[in-house]
Each structure stands twice: as C-alpha cells, then as structure tokens.
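Structure assessment
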Amino acid sequence: MRLILPIGIVFALAAPSPARAQHEGHVMTPTEPAATTTEQKPPPAKPAETPRPLAVDHSTMDHSKMEGMDHSKMEPPEVTGIDHSNMEGMDHSKMDHAPSTSATPIPLVTQADREAAFPAVHTHHEHGTSVNSYWLLDRLEVSDTDDGTTLGWEALAWLGGDIQRVWLRSEGESVDSRIEHGDVEVLYGRSVRAWWDVLAGVRQDVGEGPSRTWAAFGVQGLAPYKFELAATAYLGQGGRTALRAEAEYDTLLTNRLILQWRAEGNAYSKADPLAGIGSGLSTVEFGARLRFEVTRQFAPYIGIEHDRAFGNTADFRRNAGHGVADTRVVAGVRVWF
Amino acid sequence: MSFKYPGVSPGIAMPSRRRFVQGLATGGALAGLGLWPQTGWAQQSRKMPVLRGTEFDLSVGETLVNYTGQTRPAVTINGTLPGPLLRWKEGTTVTLRVRNDLPRGSIHGPDTSIHWHGLVLPANMDGVPGMSFDGIRPGESYLYRFDVKQAGTYWYHSHSGFQEQGGMYGPLVIDPAGPDPIASDRDFVVMLSDWTDMDPAKLFARLKKMASHDNVYQRTVGDFMRDAERKGMPATVADRRMWGQMRMTPSDLSDVNGQTYTYLLNGTAALGNWTGVFAPGDKVRLRLINGSAMTYFDVRIPGLKLTVVAADGQPVHPVTVDEIRIGAAETYDVIVQPGGQEAYTVFAQDSARTGYVSGTLAVREGLRAPIPPLDPRPIMSMADMGHGDMQTGHDMGAMASTQPAAAADPHAGHAMPGTPPPPSADPHGGHAMGTGAGAMSGMGHGAGGMQTHPASETNNPLVDMQTMAPTPKLDDPGIGLRDNGRRVLTYADLRSNFADPDGRDPARTVELHLTGHMEKFAWSFDGLKFAQAEPLRMTYGERLRIVLVNDTMMSHPIHLHGMWSDVEDADGNFQVRKHTVDMPPGSKRSYRVRADALGRWAYHCHLFFHMESGMFREVRVEE
C-alpha cells in the first residue's frame, strides 16, 4: 500500500491539463508576447542608453586603424548606477540622432511588385508535423529457472508526433515456449510537461492465469538525474484495481558498456487466487543488466534479476511449492529501431 | 555486384572496382545519371565547374557518389556535388531555368526547388515551396529571373524535402559592378558541407527516436572518478547534480556529428585533398561557405593569418585572425598571403571535435602539409547556457523550470546568487521595457537581470530549458575556442565597412526565443512549431528590431529570407550586416530589419533538422 502514496503524488503533479489552457486568463504582462511585439517608446537621446564611456560614436572613428585592437580584452569599467560624470567628455553634437526617414530610399511598390510578392501558391509549407515511431525491445532474455528455461521480455513502442503518441507496452515471461504470464497495453499518451506524459488505455493479460482486461491510467517520464519512471493504475472488472511502478537508470561505465538498473513493483486491491496474486503489495523485482552496445541499436547483455513476493502472493507461491524470492542470471539482447 | 541501390534506375552499370577505389580516394561524385551536361561514368573534376553569365540551365537530378566506400545516390545540380559555381555580376539580370530531372522513385524526390541564400529579390524568386511558389514537379521547370542587386559570396540550395542534406547545394559568387575593392591574385571557393550515407529522411527519423545517438562522448563513471580526483568530490557531485537536474549532458555539442557525417570541402573528403594552387607572394582570396546541414566548422590554416574582409557577402572592416568559427549557412571572405611554405593545410574541424575535412593550398598539385590533430573535446558549462557563472554547491533544485513542481511560476527560485549583478545593486529594477529603457534597445542588458520568457513557453512540453541570464556574447569566441592560443574571430570583430544603410531607429522590437526539447528533438520559436505559429507580420517600409534569446543548449544560425539582418552591438548600434545570425547557447542578440521586401518569407534556423522539426516562422511583409 505504501506504493500508492508516491504514485498519487506523481499523478497530482502530472495530471494538469495541457499547458496553454491552464494559463488562459493569466496576465503576464512582461512575458505575454505570443507573437511577441513590444511597442517601444520613442527612443530617448542616445546618451541615456549607454552610461559606458565605451559607447562612442563609431561612425566618427577610423576603424581601419583598429585592426590591432582586441575588443575582447576591453573591459567595461565598473559603473555603479548611471554615472553621468563619465559622459562629460562626450561630444553630443557628433551623435547621429536617428532620422525619421531612411537613408536609402524604400522603393515605391508597383502592381508588378505586388504580384511577384504574393503569387498564387497551392502547396502548403510544413515543418514540425512529422509522424514518427520508436520500437524498443528493452529486454529479451533467457534464464534458467526451476521450471525450465524461461524467456522474459519487455517491449515498448510509440507512434505519433511530439506531443500525442500511441504507446504500446508489453512484458511477460514464457516457460518452454508457453506464456506463463504477461500483458499487452495499448495507450494514448500526451506530453503535459517537458519530461512527463500522461497515458490512458487498456491492458490485456495473457498467459496461464485468468485473461483479465484492465483500463489503464498512467504517467511516465524522465525524472531529474535521468531516471526513467512509469507508474500505472489499472481498473478491472468487479472493482479490482492494480498498480505498477517501474524505474530504470543507466550507469555509463563507458559510452558502450552500460549498466542498466531496473526496479518494478506490483500491487493489487483484491486477491486473485487463480493468478496466484494476493492483495496488497504482491511482487517487487530488481535487476542489473550490463549491456554492450555493439551499435546504438543492438546490445547484448548479461544480468542479474531478483524478484520477491510479499503478503498473500508469497503464501500462494509457498503453497505451490515455489520459493518466495528468486535470484537468477539472465542473458539477452536490447534492440531498437 | 548485383545488389541494388535505392533510387538508381535499372540498366546503369555499377562502378568497376577500380573506379570504386578512385571514388573513395577523391571522394567525388561518381556519375551523372544521364543528365546534362555529364553522361556516363565521368568522374567529377576536382576543379569545381563554373558557370558564368546571365543565362543558366540547371538540372536537378540524382548522382551516385562514394565518400565512405559505399555508393549512394546524392541529389545534385548538373550532376555535381556541390553544384556548379555560379558567377554573376552585380547590376545584371539573371535568368535560370531549373528543371527537375529526379528519377521516379528517388529517395530525394519528388519535387525540388532552389533558394538563393542571402539574395535580395522578389518573393516569387526566393524558391521556398509553399511560400514563394509551388516547387518544381518532376519533369517540370521553373524560370527564375531577377535583378542582381548585390555583390559578394553567397550560396544556393534546395528548400524541398531533405535535399539540402542530400547534396543539393552550390556556391554563388557575384562580382561587383565596378572593380572589386577586394583585390586578390587567386580566388577560391571553399565550400564546407556534411555528407551522410543515410537517407536523410531516415536520419531525421533516427533523431526523433534517439536524439543523442551520436553523442558517444557522454561522461562515464571513469570521468567521474577523474573529476573527483582533480576538482574534489563535492564539486564533482554538484556538477553532476546540475546536469542531472536538467536531464542533459554537457558533451551534447551537436546533434549529428562525425559519427554520422563525412565532412566535405568542395565536395571532396579529406582523403581527396582538394588543392588550391598559388604562386609564392600571391594574395589569395578564400570564399568560405558553410553549406552543411547541421555542422559548425572551426577553420584555420596553420602558418597563415586569415584577414576577414567580408561576412555573408557584405564587406567588413578587415580583421586578422587565426581561426574562424563558421555557422551553417554563413560565408566569410578571407585573404591569405602564403609564402615561406610550399603547402598549407586548410583545416576545418567540426565544433564538437568529432571529425574534420582538410584541403591544401600549395604551389602545385600533390603537395601536402601536416594535418593538425583535432582539438580536445570541450564540455559545456552552465555559463555557456546562460545560467550565469554558477558556483558549484548551489541548490539547483529550482533551476529546471519546466519541472512540474516549479511549473506554476517558472521563475520561482531563479534568483541565482552566483549570477554577478553588473552595474548596480538593483540590476534591472527600473528597466522594464518601454519605461524609458527604450534606449537599451532590448539589448545591452549585460550579464545580469533575469530573462523573461514568452507565456507560450510556460509549461510547454516542447520547451526543456529556459535561459536565465543570457548575454550578447558578441566577443566570445565560443565553446571550445576560448584560450586556445589562437586569435579567433568573434562577432564583435565584424563591422560593416559602411554606415547603417537605413539609419532610422527601429520603431518596435520583436522578441523571439529559440526553444527546443533535446530528447524529443523538437525545435521551435517561443515553444511554437511552424504549424502552430502565426506569421510574424511586418509593414512594408518599417524598421524593426528582432531580439533573439536562445533558450536551448544548442547553437542556432538564424536566417531571414529576403531582407538583411543588421546585427547590433551590445549597445544597440548598427554593427554588421548579415543574412544568417549565429545564436550560441545562452546568448541574446539583436538585429535590425528593414521590411523592404513585400511577400511571404521563410525565417528559420539553418540547422537543417531543427528547421525540419519546426524551428521556422513565416515573415509576412504587407503594405
């Protein structure tokens, strides 16, 4: 149950609706410029603008003689407040007070100019509307367990733009090519903050237990220090609810040899004996996987996975003759495209 | 050799083994696919083709090139990469028939266009599909005809699809109507660019999947140990905390680097050794053009001083330096006077120090000078990002303003004790814009004062960072170039050798923020991508000031089509006329624009994939 509190907080942080709606009506005078046009008052005489003695009129200087000067070495003198005494030596008559008409005439517009300026254009210019996708097989691994050779997987994909995406997620385990447990999720995700997405969709359980269908609501993102976090609440039939939280972190031993830390916890509101699940915190997994990125997209790894059951889930396991905790060596590949 | 290359029409023989090797060595284009003027498997001449006059026929097509050992289709103009050097004369009217000969099914197709970068011309000649015209469909042509009203070094490139990354760019040199005030005995174009074997569309898709793909220089456990030993554990932990809070890495200097790119000089990789031949005592004019999609180059010629005489085609008071950082789309004309050595290396390393391209200036072909090693890879500091000169050990918890907890008030807790307040104790208390601070020109805020941000950035998922105390940084050589023992050109060195051509004070100020999200690889102005943003409207004849604030940790070369960007100095005075204004991270710079060109104009970051992902606005000048 302790899991719920932090997850709730994450939700509270991430749930607010899209950014702009939230700020409608806020009056942010200095920062308002959406198409940012700030009318400026007529410019006062130049001396006011530059209390620094440096601001002499360059047009009166012969820059050709300045080649040897290193401007970067020039330090503006310390000025506290606007020190007008610094300006006494300046000859105001030399300052070009800006004219109101252009020094080079602006050509009068002819009808031909107008036609050339706004030709009939039938195509539409587009930038930033591309639809992309990402397919990641984060874990595809084998391990030797009491039940035989176990194949575990965790996959993730997104399709869409920068803000709205369809997410696919799946994880599970199969033993001797029979799926023992696993799930597939299809979610709509929307970025609500720079690093956070909220998600809603469905989860379908697959495998030996009851094949339950859940509504899923989640948040995922990149926390400070580049922790990848995902937390999802599930609502099933008959008032069942479940929670899953997952965190991943990469430690770069080198830029190719990467140690991936991973933790996942699951909790359920109601026991589900057919699935071997008790109520409350049911399982926690920890893993450390050392991968070598042969290329960015292909990385074999070896690792250690530890999982532990709690509460009634542990009882179910004991009754089935399994251990409550299990530590095993895994070997697999990480691939994306 | 029966494997199939995408986009290559059947029936074209694959290169022989011998040609293949040649191609790698010279890095040139292997073939024109039956397009004018080249046919068959002619190897590109190492001398850049030059087209002079006032009438031009240009054909956009696909050409096989080999820069890495792999033969790949490039999109080219008249079969060469870069396209031919176009040499015009100021005061003439040029006519260009541009025909789309891209093969059906080309990865670079279907439509094409040519934009004349930095040229002042009518909007329907500007070559931006969807704004200036409809683009050029396969098999069709577009007739460009306009008066040439300026002189100097420029370039041209496609504004369609991903063609600019695919090889479709070329140099453009306009000779002055009268005698050239910049006298020289030799005149070479040095066009730098970045080539990838990847389909550029796939490269963009990869950036969207994993923006940090090429950043294989991230700090590791070993680096932590070393830093802890050198700087002490508390400082190291504090440093890692700051970056960790922001979820960013200080080694993130460019989005695409030498991991993906092969850098080219006049369409030749370093192995091919482009060579410019001089006679001892010659005054040699080099026209540096950065035609790359995503690369800033640091250029130098060990043993020679570079005298910069023009920037973005426009003459400047000569300034002599050892090294120049050239942003994407910028051009610099430099004069060098080789002598004493038979050969000099023209060395251009990318700003992240992941690769280089070099060529040679020599008294004859075939000579080489030593190629210097890449400089050490720099690491960004908080000051680089406009977060002031932070002392380590400050609680940075409130710094990541887009963090949910701090979101309600993005500036809560942003008082940075480490930021040196400059002139007075109350840095900008009375400096609110429009309260007599007009003279501050929206600039000159110096190194202090809290930067405000547009409301559209607040809680915006596409904005992962906001700068707190940006400065003009005009006299800053830039990340990786400070204190390197060489005199490096800065923007403060660039002064037009003419007075402000307009002379009026800007009547209004438009402030735009450069924004982005590194992980999503989403880039924008004010947090709004092109598709979400209204055009920036200007009234014909008005003079306004654009203030740019960089709210990202990347540099952005910002290019306004059709009109000049007259960069102001830190005090708000006219300083230098440019067409592309570099905006380093943590910078706030301003320039004046005279809206003297009616029509719809593109305004965008010239890092190609930043533009592609949304860092683009329409500027609309109306009567």
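Next up on the list: the nonpolar core. Of all hydrophobic cores here, the largest spans 173 residues; its most connected members are B:Val190, B:Leu192, B:Leu288, B:Val308, B:Ala348 and B:Val357. The greatest single-element share of this core, amounting to six residues, is contributed by strand E10 (residues 186-195) of chain B.

With that settled, consider the environment of B:Ser590. Residues and elements named next belong to chain B. Residue position: Ser-590 is located in strand E29 (residues 588-594). For Ser-590, a count of 27 C-beta atoms within 10 Å gives the class buried. As for Ser-590 and Glu-568, which are separated by 22 residues in sequence, their C-alpha atoms are 5.7 Å apart.

Turning our eyes to something else, we now look at the pairing of strand E18 (residues 331-336) of chain B. All names here are of chain B. Most of E18 is tucked away, with six of its six residues classed as buried. Of the two faces of E18, the one carrying Thr-331, Asp-333 and Ile-335 and the one carrying Tyr-332, Val-334 and Val-336 are both buried. The pairing of strand E13 (residues 284-290) with E18 spans six bridges and is antiparallel. Within the sheet, the bridge partner assigned to Arg-287 lies in E18 and is Asp-333. Here strand E15 (residues 306-311) pairs with E18 via four bridges, running antiparallel. Note on E18: the bridge partner recorded for Ala-311 is Tyr-332.

With that settled, consider unusual backbone geometry. With an omega of -5°, the peptide bond running from B:Leu81 to B:Pro82 counts as cis. With an omega dihedral of -5°, the bond running from B:Gly109 to B:Pro110 counts as a cis peptide bond. Along the polypeptide, B:Pro110 turns up in the loop between strand E5 (93-100) and strand E6 (115-117). Even without being a glycine, A:Asp176 presents a positive backbone phi close to 50°. Its location among the elements puts A:Asp176 in the loop between strand E4 (164-175) and strand E5 (178-193). Look at A:Asp176 and you get exposed, because 10 C-beta atoms sit within 10 Å.

All names here are of chain B. Taken together, the four strands give an open sheet; going across it, the order is E3-E2-E5-E7, and neighbouring strands pair in mixed fashion. In the strand order of this sheet, the two ends are held by strand E3 (71-77) and strand E7 (141-147), each with one partner. Strand-to-strand, the axes of this sheet are offset by a mean angle of 20°, without reference to chain direction. Here strand E2 (residues 55-66) runs beside E5; their pairing, made up of six bridges, is parallel. Across the sheet, Asp-57 pairs through a bridge with Arg-97, a residue of E5.

The next thing to look at is the confidence of the model for chain A. Chain-level statistics for chain A give a pLDDT mean of 78 and a share of 71% at 70 or above. Ignoring residues within four places in sequence, the model shows residues 1-95 of chain A, a span with pLDDT below 50, making 131 contacts including any to other chains.

A word on the environment of B:Leu192. Residue and element names in this part refer to chain B. Take Leu-192: it is sitting in strand E10. For Leu-192 and Thr-295, which are 103 residues apart along the polypeptide, the C-alpha to C-alpha distance reads 9.1 Å. Ignoring sequence-local partners within four residues, the contact set of Leu-192 consists of Tyr-263, Leu-265, Ile-289, Asn-290, Gly-291, Ser-292, Phe-297, Ala-348 and Val-357.

Definitions and limits used
- Residues numbered from 1 in each chain as written.
- Chains lettered and ligands numbered in written order.
- Predicted model: local features only at pLDDT ≥ 70, side-chain atom pairs only at ≥ 80, totals over all residues.
- Core = buried A, V, L, I, M, F, W, Y, C linked by C-beta atoms within 7 Å.
- Buried ≥ 20, exposed ≤ 12 C-beta atoms within 10 Å, placed from the backbone.
- Helix = DSSP H or I, 4+ residues; strand = E, 2+ residues; numbered from the N terminus.
- Pairing = 2+ DSSP bridges.
- Axes fitted to C-alpha atoms, helices over the stretch in contact; angles between N-to-C directions.
- pLDDT = per-residue confidence, 0-100.
- Contact = placed C-beta atoms within 7 Å.

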